[in-house]
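The lines below spell out each chain.
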Amino acid sequence: MQGLKMRFLAPLGIVLLAIVSHCQGQGFDPTVGATPENLAAVSQSVTNLAQKISLAIANPKSKTEIFSPVSIAGALSLLLLGSGGNTRDELMNVMGFQHSRLTFTDIHKSFGRLFQDLVSNDPAQNVTIPWRANDKCNNNDYDYEDYAQSKPTGQQRGRRDTDSVAEIKVANGVFAPKGMQFDQKFQLIAERFYGLETHYVDFRTKIQSVIHTINAWIRRLSRGRISQIVAQLNTTSMLVMTNTLYFKALWQQPFIIEGTKARPFFLEGPSKPAILIPMMVNGGCFPYYYWQNVKTKVLGFPYKQKITLYVFLPDDSTREKIRLLQTHLNTVALDDIFNKMEMKLVAVQFPKLHVQNSLNLRQTLEQLGVTTIFDQEESNLNRIWHNRSTIMPYDYMDAFDFLEDTRENAIMELHHQHGNCIIVEKDVSNRVLCEASSLCRFKGGSCVCCAALTSSKRLRRAYDGYYLQSRLHVNEILHKIDLVVNEKGTESGAVVMPFMDRNFPQVNFKVNGPFLILVRDEKTKLPLYYGGVFDPRL
């Protein structure tokens, strides 16, 4: 018998205008230097990013606001890798690293290790969750597994399934003009830490073919769930970056197919008229916690491996109560909740879902303070450019050194762009004032400039014209998910109903109003999917 299958797919497409470059590299081990403390800090940053985005995209008319925080964070971290100056500062700020003890290298090594652990099916990656370790519910005399095994095979809902391994695939792709090349050290890290795939296309004369190629890549990586993310591109576009996340897993305790039927759902609270939606049912031992501070029930639906879907349901829930709840859902509060959850005997009613959601995140990120990356005159993604740095075939360990925001790299950058100019240091402690001149760089607390060129206004204007024409910047950030929650399979519900009759549930968890979900990988604590559901109609 098969259990409930749940598929989440979230491609994230980013269109950038620029000149880029390509290289091959090998030998990096993302696990080196990624300490448990650093991994925890980076994982927490993704959860906090989820909270920021959820509040920024809030819309009084939206049916759902579900997105993939880990997918968005993966794309932003790639942009962070190639950024400098104000652009890097803004990305560091929105990702929660502006006051962090983590170095630039720590951040990317930790992301590399987290993504590696996320997609791993190694049993050694499984973790002991507090509510699972202290499970008394399943050890009582009404043990569900023992009861199920006493029934004929045709009535067993909980029989083991051979397809019990959660499948998670993360992929990053870049579509660049033919003949362009990435900086070798940038691409080395991008390939080894983020699994970057590079494709070369003709934006100028074959734009429709490029659109088809990008969508075909998305369709293949999402197993056909998402057929299109790019509808049109400008022929002046120079780079397209995409991120996809594919997730499929089986419930540890499947829902009852025969129990699904139309039940009331209150869009605006129990005092207003209800709509009828297909509602699934389940019953058994689930992790549960009542969050007294915000009057919210929290229930976990475990998968057969290391993933859990958590549902947050305020009492007499409304859209306004979900909004209030979102303001409290930071990493500190979530860790406290997950540590306090206990296994309880629960009777469940949960909506059958199929959510498709598309977001253009440019406006959202600008609202959160990320602005220069979208401005051709202000964007600083220069570390992606060609001929910026080279590496020997096996000389990888200094790759991060070049990408650090240091005084030495500022001088190297100025020499690369202006030749062997005379470097002087100005008494300017502010990045904005320093980089008001395109011949100056603010790195490591110092403002260094090319003195030999600053006296020539004509030469400076000529350089500025070239620099502004060539500067890489982001045009759009597109995000799309396709989320299915149903009771696919052939399980019989015969065994559960006697179970519930014989043991009165400790908790009734009836999701009949707006709710919020968080799908979390328990090993990395990364949020795969997050957001509010206000109208679950298919």
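This structure is a prediction, so every number in the text was calculated from the model and none was measured. (Residues numbered from 1 in each chain as written. Predicted model: local features only at pLDDT ≥ 70, side-chain atom pairs only at ≥ 80, totals over all residues. Heavy atoms only, no water.)

Chemist: Lay out the overall build of the protein chain in plain terms, naming residues and giving numbers.
Modeler: What the protein chain contains, in helices and strands, is 17 helices and 18 strands. Restricting to contacts in the protein chain with at least 6 residues of sequence separation, those with at least 24 account for 80%. (Helix = DSSP H or I, 4+ residues; strand = E, 2+ residues; numbered from the N terminus. Contact = heavy atoms within 4.5 Å.)

Chemist: Any details on the packing of helix H2 (residues 69-81) against helix H7 (residues 184-194)? Residues and values, ideally.
Modeler: The interhelical angle for the contact between H2 and H7, taken along N-to-C directions, is 155 degrees, at an axis separation of 10 Å. Judged on the interaxial angle alone, H7 and H2 are roughly antiparallel. Judged by the twist between their axes, the crossing of H2 over H7 is right-handed. Of the residues in H7, those touching H2 at Ser77, Leu78 and Leu81 are Phe186, Ile189, Ala190 and Tyr194. Looking at the contact of H2 with H7 residue by residue, the class counts come to 6 nonpolar, 1 polar and no charged. (Axes fitted to C-alpha atoms, helices over the stretch in contact; angles between N-to-C directions. Parallel < 35°, antiparallel > 145°, perpendicular 65-115°, else oblique. Left-handed = near helix turned anticlockwise from the far one by under 90°. Nonpolar A, V, L, I, M, F, W, Y, C, P; charged D, E, K, R; others polar.)

Chemist: How would you sum up the packing of aromatic side chains? Please name residues and give values.
Modeler: Taken as a whole and assessed by the stated rule, the structure comprises 16 aromatic pairs. The ring centre of Phe104 lies 3.7 Å from the NZ or CZ of Arg88, which sits over that ring. Over the ring of Phe534 we find Arg319, and its NZ or CZ is 4.2 Å from the ring centre. (Phe/Tyr/Trp six-rings, centres within 6.5 Å; stacked < 30°, edge-to-face > 60°. Lys NZ or Arg CZ within 6 Å of the ring centre and 35° of its normal.)

Chemist: Pulling in residues and values, what's your account of the sheet that holds strand S14 (residues 446-450)?
Modeler: What the 3 strands build is an open sheet, ordered S12-S14-S13; its pairing is antiparallel. Each edge of the open sheet is held by one strand with a lone partner, namely strand S12 (423-426) and strand S13 (440-443). Averaged over all adjacent pairs, the angle separating strand axes in this sheet is 30 degrees, with direction ignored. By the bridge criterion, 4 bridges tie S12 to S14 in an arrangement that is antiparallel. Residue pairing in the sheet places Ile423 in a bridge with Cys450 of S14. (Pairing = 2+ DSSP bridges.)

Chemist: So what's going on with the state of the cysteines? Residues and values would help.
Modeler: Overall, the coordinates contain 4 disulfides when judged by the stated rule. Note on cysteine connectivity: Cys434 is disulfide-linked to Cys447, with sulfurs 2.1 Å apart. Across the S-S bond of Cys434 and Cys447 the torsion is about 90 degrees, and the bridge reads as right-handed. Separated by 13 residues along the polypeptide, Cys434 in helix H14 (residues 431-434) and Cys447 in strand S14 bring together distant segments of the chain. This pair shows no difference in class: Cys434 is buried, exactly as Cys447 is. Of note for the protein chain: the bonded cysteines, numbered N- to C-terminal, pair according to 1-2, 3-8, 4-6, 5-7. (Disulfide = S-S within 2.5 Å. Buried < 20%, exposed > 50% of the residue type's maximum accessible area, 1.4 Å probe, protein only.)

Chemist: Break down unusual backbone geometry for me, with residues and values.
Modeler: Phi at Lys295 takes a positive value of approximately 50 degrees, unusual for a residue other than glycine. With respect to the element layout, Lys295 can be found in the loop between strand S7 (275-291) and strand S8 (296-302). Among the residues examined, Lys295 registers a relative accessible area of 40% and is labelled partly exposed. A positive phi is found at Lys525, a non-glycine position, where the angle reads about 60 degrees. Here Lys525 is to be found in the loop between strand S17 (515-521) and strand S18 (527-533).

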